[in-house]
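Given next are the chains, with one letter for each unit.
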Amino acid sequence: MTLDTTTNNLSAECTLAQRPDYRDMHGKCRRIKDIPLPYSNGILLVRRCGCSCHRKAGGRR
């Protein structure tokens, strides 16, 4: 198994998708954008997944 250590903050789905038998899990990841904390100045409630699969073909694989 080869883990991509250059990406940070992977979702559970994309972390699992790095295993050979679970490659299709990338499609189940819903963390495709940052979600800011309401009424805050740049504080994020949820950070988008750092997986490279989201940078392909319009942001989602």
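Everything numeric in this text was worked out from a predicted model, so none of it was measured. (Residues numbered from 1 in each chain as written. Predicted model: local features only at pLDDT ≥ 70, side-chain atom pairs only at ≥ 80, totals over all residues. Heavy atoms only, no water.)

**Some details on the overall build of the chain**
Selection criterion: Runs of E in the DSSP output that reach at least two residues are strands. Runs of H or I that reach at least four are helices, and both are numbered from the N terminus. Classification of residues uses two cut-offs on accessible area relative to the type maximum, computed with a 1.4 Å probe and protein chains only: under 20% is buried, over 50% is exposed, and between them is partly exposed. The contact rule is simple, with two residues in contact once any of their heavy atoms fall within 4.5 Å. Each accessible area is a Shrake-Rupley result for a 1.4 Å probe, and residues are judged covered by the shown protein chains and nothing else.
Tallying secondary structure elements over the chain gives one helix and two strands in all. Start at the N end of the chain and walk to the C end: the helices and strands fall as α-β-β. Counting every position in the chain, which comprises 61 residues, the buried fraction comes to 21%. When contacts within the chain are restricted to residue pairs at least 6 apart in sequence, those whose partners lie at least 24 apart make up 37%. Element-wise, carbon and sulfur atoms account for 51% of the exposed surface of the chain, whose accessible area totals about 4,700 Å².

**Some details on a nonpolar patch on the surface**
Test applied: Exposure above 30% relative accessible area and no salt bridge define the residues that can form patches, which grow by joining like charges within 9 Å and nonpolar side chains of Val, Leu, Ile, Met, Phe, Trp and Tyr within 5 Å. Take a side-chain nitrogen of Lys or Arg and a carboxyl oxygen of Asp or Glu: if they are within 4 Å of each other, that pair is a salt bridge.
Judged by side-chain polarity, Ile35, Leu37, Ile43 and Leu45 come together as a nonpolar surface patch covering roughly 350 Å² of accessible area. Here Ile35 is to be found in strand β1 (residues 35–36). The class for Ile35 is partly exposed, based on a relative accessible area of 39%.

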